[in-house]
Amino acid sequence: TTQPQKTENMMKKHALLLTTLLTTATASFADDATLRDEARDAAAREQRELQERAEALAQQLEDARQLQALQDEYLRRLEAELGALRDDDAQRTGR
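Just so it is clear, the structure is predicted and the values come from calculations on it, not from any experiment. (Residues numbered from 1 in each chain as written. Predicted model: local features only at pLDDT ≥ 70, side-chain atom pairs only at ≥ 80, totals over all residues. Heavy atoms only, no water.)

K.L.:
Describe the overall build of the protein, and please don't skip the residues or the numbers.
P.N.:
Along the protein, the regular secondary structure elements total one helix and zero strands. A compact globule built from 95 residues would reach a C-alpha radius of gyration of about 12 Å, whereas the protein, at 40 Å, exceeds it by more than 25%. The dimensions of the protein, computed from C-alpha atoms along their principal axes, are 135 × 15 × 5 Å. Counting the 95 residues in the protein, one finds 0% classified as buried. Surface summary for the protein: the accessible area is close to 8,800 Å², and the carbon and sulfur share equals 57%. Each charge class in the protein was averaged separately, 14 positive and 19 negative side chains, and the resulting centres sit 8 Å apart. (Helix = DSSP H or I, 4+ residues; strand = E, 2+ residues; numbered from the N terminus. Rg over C-alpha atoms; globule rule 2.2 N^0.38 Å. Buried < 20%, exposed > 50% of the residue type's maximum accessible area, 1.4 Å probe, protein only. Areas by Shrake-Rupley, 256 points an atom, 1.4 Å probe, with all protein chains shown as cover. Lys, Arg positive; Asp, Glu negative; His and termini not counted. Charge placed at Lys NZ, Arg CZ, Asp CG, Glu CD.)

In structure tokens:
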């Protein structure tokens, strides 16, 4: 093998090595970008789910407050009715 052939073979090996390194680096960057995209998408999904849960809980809380108000009104009317019945009973029995 002559010196120019050795030099050419060495250059081909270096070119192949550089090509391999660049391909690996490019794949690594693509993988990093894919992982970043997946992490971003997962975070966005989680944020949406948390927002949906928060909205559902807020609606449940509002429903509970409305039910509590209805119960309070019912108890107030029931107590008034019981008071009226006691008054009627007291008047009839003379107590």
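K.L.:
Provide a residue-level description of helix α1 (residues 3–93), including the pertinent values.
P.N.:
Here α1 is 91 residues long and its end C-alpha atoms lie 132 Å apart, about the 135 Å a rise of 1.5 Å per residue gives. A positive phi of about 75° marks Gly94, the residue just after α1. (Expected span 1.5 Å × (residues − 1).)

K.L.:
So what's going on with a negative patch on the surface? Which residues, and what values?
P.N.:
Together, Glu46, Glu49, Glu52 and Glu55 give the surface a local cluster of negative charge. Mapping Glu55 onto the fold places it in helix α1. (Patch = residues over 30% accessible without salt bridge, like charges linked within 9 Å, V, L, I, M, F, W, Y side chains within 5 Å. Salt bridge = Lys/Arg side-chain N within 4 Å of Asp/Glu carboxyl O.)

K.L.:
Break down the pattern of salt bridges for me, citing the residues and quoting the values.
P.N.:
Counted under the stated rule, the structure contains five salt bridges. In this structure, Asp37 and Arg40 form a salt bridge, with 3.1 Å as the shortest nitrogen-oxygen distance. Here Arg40 and Asp37 lie together in helix α1, a separation of three residues that amounts to about one turn. With a closest N to O distance of 2.6 Å, Glu73 and Arg76 form a salt bridge. Taken together, the residues span about one helical turn, with Glu73 and Arg76 both in helix α1 at a distance of three residues. Relative accessible area serves as the criterion here: at 28%, Glu73 is assigned to the partly exposed category. Sharing partners across several salt bridges, the network here consists of Asp37, Arg40 and Asp41.

K.L.:
Got a sec to walk through the environment of Arg76? Specific residues and values, please.
P.N.:
Look at Arg76 and you get partly exposed, because its relative accessible area is 47%. The spacing of Arg76 and Asp88 is 12 residues in sequence and 18 Å in space, taken between C-alpha atoms.

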